[in-house]
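Reading the structure
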Amino acid sequence: MNLFDDADDDLPLAPGALKLGGFARDIDVALLAAVADIARDAPFRHLVTPGGLRMSVAMTNCGEAGWVSDRTGYRYESCDPESGRPWPAMPQLFRDLAARAAARAGFADFQPQACLVNRYVPGSKLSLHQDRDERNLVEPIVSVSLGLPATFLWGGATRAERPHRLPLVHGDVVVWGGPSRLNFHGIDTLPQGAHPATGALRYNLTFRRVR
Ligand code: MD3
Ligand code: FE
């Protein structure tokens, strides 16, 4: 008997938004190996916000476009500004996972263009924000959590709404589409911890159509 079984259920969060508990757990080793490959080509870096603050989350990308931030703003770029080369190709394993998850949430034929890879250490956080740098707001965003558990902060359509708190653990996948696509959201300060697959790290992959 598994008393924690409900963590692996499909959990509707809002119209168009569905948590698939543990959906990526059985391919975790391959996903993490692919992240390591990507980071060899396009190393994790701490981007600077337009306001001049260094982000505590380290980021890299793969796919035909990658999200970047600097003093001039936020945008998607087809080349890594650090190397001047195209971002690493998106692994087929990533494409297949994103498409399978999206399909299960009712979004057929999802073909992500960009994968932003976030890396958290204990103490890192992602302040409440909206994802609105994508020209395509019809397709969902698919997110995959690996490593240390985190508390996802899920706000409403305005910054004023106090966010709900949702635990995200290793292998969880969430498909964010429909009316909640523009909701404010973030990740609370990551607690100390150690995970068998990642040590003292949390990774999050987000798959997007951006153009
Ligand atoms: C809800 N990443 O990269 S993933 C981000 O865990 C980001 O690193 C968080 O927010 C992370 O922009 C959360 C879940 C997520 C991603 C995008 C969303 C939830 C979302 C866009 C709209 C609504
Ligand atoms: Fe976001």
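Residues numbered from 1 in each chain as written. Chains lettered and ligands numbered in written order. Predicted model: local features only at pLDDT ≥ 70, side-chain atom pairs only at ≥ 80, totals over all residues. Heavy atoms only, no water.

1. Describing the nonpolar core
- Counting residues in each nonpolar core, the largest one holds 33 residues, and the members touching the most others are Phe94, Val144 and Phe207.
- It is helix H1 (residues 28-41) that contributes the most residues to this core, 6 residues altogether.
- Each residue touching Val144, except ones within four places of it in the same chain, is listed here: Ala24, Leu31, Leu97, Asp172, Val173, Tyr203, Asn204, Leu205 and Phe207.
- Among the nonpolar cores identified, the runner-up in size contains 25 residues, and Tyr76, Phe152, Trp176 and Val210 belong to it. (Core = buried A, V, L, I, M, F, W, Y, C linked by side-chain atoms within 4.5 Å. Buried < 20%, exposed > 50% of the residue type's maximum accessible area, 1.4 Å probe, protein only. Helix = DSSP H or I, 4+ residues; strand = E, 2+ residues; numbered from the N terminus. Contact = heavy atoms within 4.5 Å.)

2. As for the pairing of strand S6 (residues 114-120)
- Within S6, 6 of the 7 residues are buried, leaving the element largely enclosed by the surrounding structure.
- Here strand S3 (residues 58-63) runs beside S6; their pairing, made up of 6 bridges, is antiparallel. Following the sheet pairing, Thr60 is matched in S6 by Val117.
- The pairing of S6 with strand S13 (residues 202-208) spans 7 bridges and is antiparallel. Bridge pairing in S13 links Cys115 to Phe207. (Pairing = 2+ DSSP bridges.)

3. Here's the deal with the sheet that holds strand S9 (residues 150-154)
- One open sheet accounts for 4 strands, arranged S7-S12-S9-S10; its pairing is antiparallel. Sheet topology places strand S7 (126-129) and strand S10 (164-168) at the edges, where each strand pairs with a single neighbour. Neighbouring strand axes in the sheet, compared pairwise and without regard to direction, differ in orientation by 20° on average.
- For S7 and strand S12 (residues 185-187), the ladder comprises 2 bridges, and the chain directions are antiparallel. In the strand pairing of S12, His129 is matched with His185. (Axes fitted to C-alpha atoms, helices over the stretch in contact; angles between N-to-C directions.)

4. Structural notes on the sheet that holds strand S11 (residues 173-176)
- Taken in spatial order, the 7 strands make up an open sheet running S1-S2-S11-S8-S13-S6-S3, and their pairing is antiparallel. The open sheet has two free edges, formed respectively by strand S1 (10-14) and S3, since each of these has just one partner strand. On average, each strand axis in the sheet is inclined to that of its neighbour by 20°, with strand direction left out of account.
- Relative to S13, strand S8 (residues 141-147) runs antiparallel, the two being bridged by 6 bridges. By the bridge assignment, Leu146 is partnered in S13 with Tyr203.
- Strands S3, S6, S8 and S13 of the sheet are contacted by H1, whose axis makes an angle of about 100° with S8.
- Of the strands in this sheet, S1, strand S2 (17-20), S3, S6, S8, S11 and S13 touch helix H2 (residues 92-104), which is tilted by about 120° from S8.

5. As for the environment of Thr158
- As for its placement among the helices and strands, Thr158 is situated in the loop between S9 and S10.
- What makes Thr158 partly exposed here is its relative accessible area of 41%.
- Here the alpha-carbon distance between Thr158 and Asn183, two residues 25 residues apart in the chain, equals 7.3 Å.

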